[in-house]
Amino acid sequence: MQLSGSKIIPASPDKAYALLTNPEILMRTMPGLKRLTPSESGGYAAEMEMGVAAIKGKYQGHMQIHDEVVPESYRLVLDGQGPGGFVSVNMTVVFEPHENGTLVRYEGEANVGGTIASMGQRMIHGVANYLVNQFFTAIAKEAERDMVS
């Protein structure tokens, strides 16, 4: 399934990039993310609690940033498995100056398999978009909080 979109973060590209790559910020803002632990291979071991309809559970995975061009872009690779199946995400994130802060564009592909895939592509895509919107709303609040302090 293709994932793409853009959001405006009320911060400079440097600050927006820092927010979106900071494990502590990600823990506060990413829906369902419970733990990020640095891994020996680089990146982070991730633990998430996710639920879609009757398919709920803890998911274990790995998240890593590749092809970093600070503060312009990176590629996020995420793989996880849990009781409802697996998910893998490969997404490019681009940061562009904007009059209201930074335009963050994301584009990539998510693959889902197992029981969770039986829910149907349209429902999964809707849930994915909902979670991405929740995440970027929380990141924007973090940026606004930083501007005040």
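Structure: see above.
The structure contained in this document is the topic of the report that follows.

Cut-offs applied
- Residues numbered from 1 in each chain as written.
- Predicted model: local features only at pLDDT ≥ 70, side-chain atom pairs only at ≥ 80, totals over all residues.
- Heavy atoms only, no water.
- Helix = DSSP H or I, 4+ residues; strand = E, 2+ residues; numbered from the N terminus.
- Rg over C-alpha atoms; globule rule 2.2 N^0.38 Å.
- Buried < 20%, exposed > 50% of the residue type's maximum accessible area, 1.4 Å probe, protein only.
- Contact = heavy atoms within 4.5 Å.
- Areas by Shrake-Rupley, 256 points an atom, 1.4 Å probe, with all protein chains shown as cover.
- Phe/Tyr/Trp six-rings, centres within 6.5 Å; stacked < 30°, edge-to-face > 60°.
- Arc of directions from axis to C-beta.

**Structural notes on the overall build of the protein**
Point 1. On a plain count of helices and strands, the protein comes out with 3 helices and 7 strands.
Point 2. Helices and strands in the protein line up, N terminus first, as β-α-α-β-β-β-β-β-β-α.
Point 3. Radius of gyration (C-alpha) of the protein: 15 Å, near the 15 Å computed for a compact globule of 149 residues.
Point 4. Looking at the protein as a whole, 38% of its 149 residues qualify as buried.
Point 5. Expressed as a percentage of contacts within the protein between residues at least 6 apart in sequence, the contacts between residues at least 24 apart total 48%.
Point 6. Total accessible area computed for the protein in this model is approximately 8,300 Å², and 52% of it derives from carbon and sulfur atoms.

**Here we look at the packing of aromatic side chains**
Point 1. Per the stated rule, a full pass over the model turns up 5 aromatic pairs.
Point 2. Geometrically, the ring pair formed by Y17 and Y74 is edge-to-face, given 5.5 Å between the ring centres and 90° between the ring planes. Taken together, the residues span a long stretch of sequence, with Y17 in helix α1 (residues 13–21) and Y74 in strand β5 (residues 73–82) at a distance of 57 residues.
Point 3. Judged by relative accessible area, which is 6%, Y74 ranks as buried.
Point 4. Ring pairing ties together the aromatic residues Y17, Y74 and F95, which thus form one cluster.

**A short note on the environment of V94**
Point 1. Counting through the fold element by element, V94 comes out in strand β6 (residues 85–98).
Point 2. Between the C-alpha atom of V94 and that of V127, which follows or precedes it by 33 residues, the distance is 23 Å.
Point 3. Filtering out sequence-adjacent residues up to four positions away, V94 remains in contact with E72, S73, L103, V104 and R105.

**Notes on unusual backbone geometry**
Point 1. Across the junction of V70 and P71, the peptide omega takes the value -5°, indicating a cis bond.
Point 2. Inspection of the secondary structure puts P71 in the loop between β4 (55–69) and β5.
Point 3. Residues other than glycine seldom take positive phi values, yet D67 does so here, at roughly 50°.
Point 4. If you trace the backbone, D67 turns up in strand β4.
Point 5. Taking the relative accessible area as the measure of exposure, D67 reaches 53% and is therefore exposed.

**Side note on α1**
Point 1. Taken as a whole, α1 has its buried residues at P13, A16, Y17, L19 and L20. In a view along the axis of α1, the buried residues occupy a sector of 160°, so they form one face of it.

**Points about the environment of N100**
Point 1. On the secondary structure map, N100 appears in the loop between β6 and β7 (101–113).
Point 2. On the accessibility criterion, N100 (48% relative accessible area) is partly exposed.
Point 3. Not counting chain neighbours up to four residues away, the residues in contact with N100 comprise I8, I9 and P10.

**Notes on the side chain of E47**
Point 1. With respect to the helices and strands, E47 occurs in strand β3 (residues 44–52).
Point 2. The class for E47 is buried, based on a relative accessible area of 17%.
Point 3. Setting aside anything within four residues of it in sequence, one finds E47 in contact with G32, L33, K34, R35, K58, Y59 and Q60.

**Quick look at the environment of L76**
Point 1. Within the secondary structure, L76 is located in strand β5.
Point 2. Here L76 falls in the buried class, since its relative accessible area comes to 18%.
Point 3. Once the C-alpha coordinates of L76 and Q64 are considered, the two residues, 12 residues apart in sequence, prove to be 6.0 Å apart.
Point 4. In contact with L76, other than residues within four places in its own chain, are M63, Q64, I65, V89, N90 and M91.

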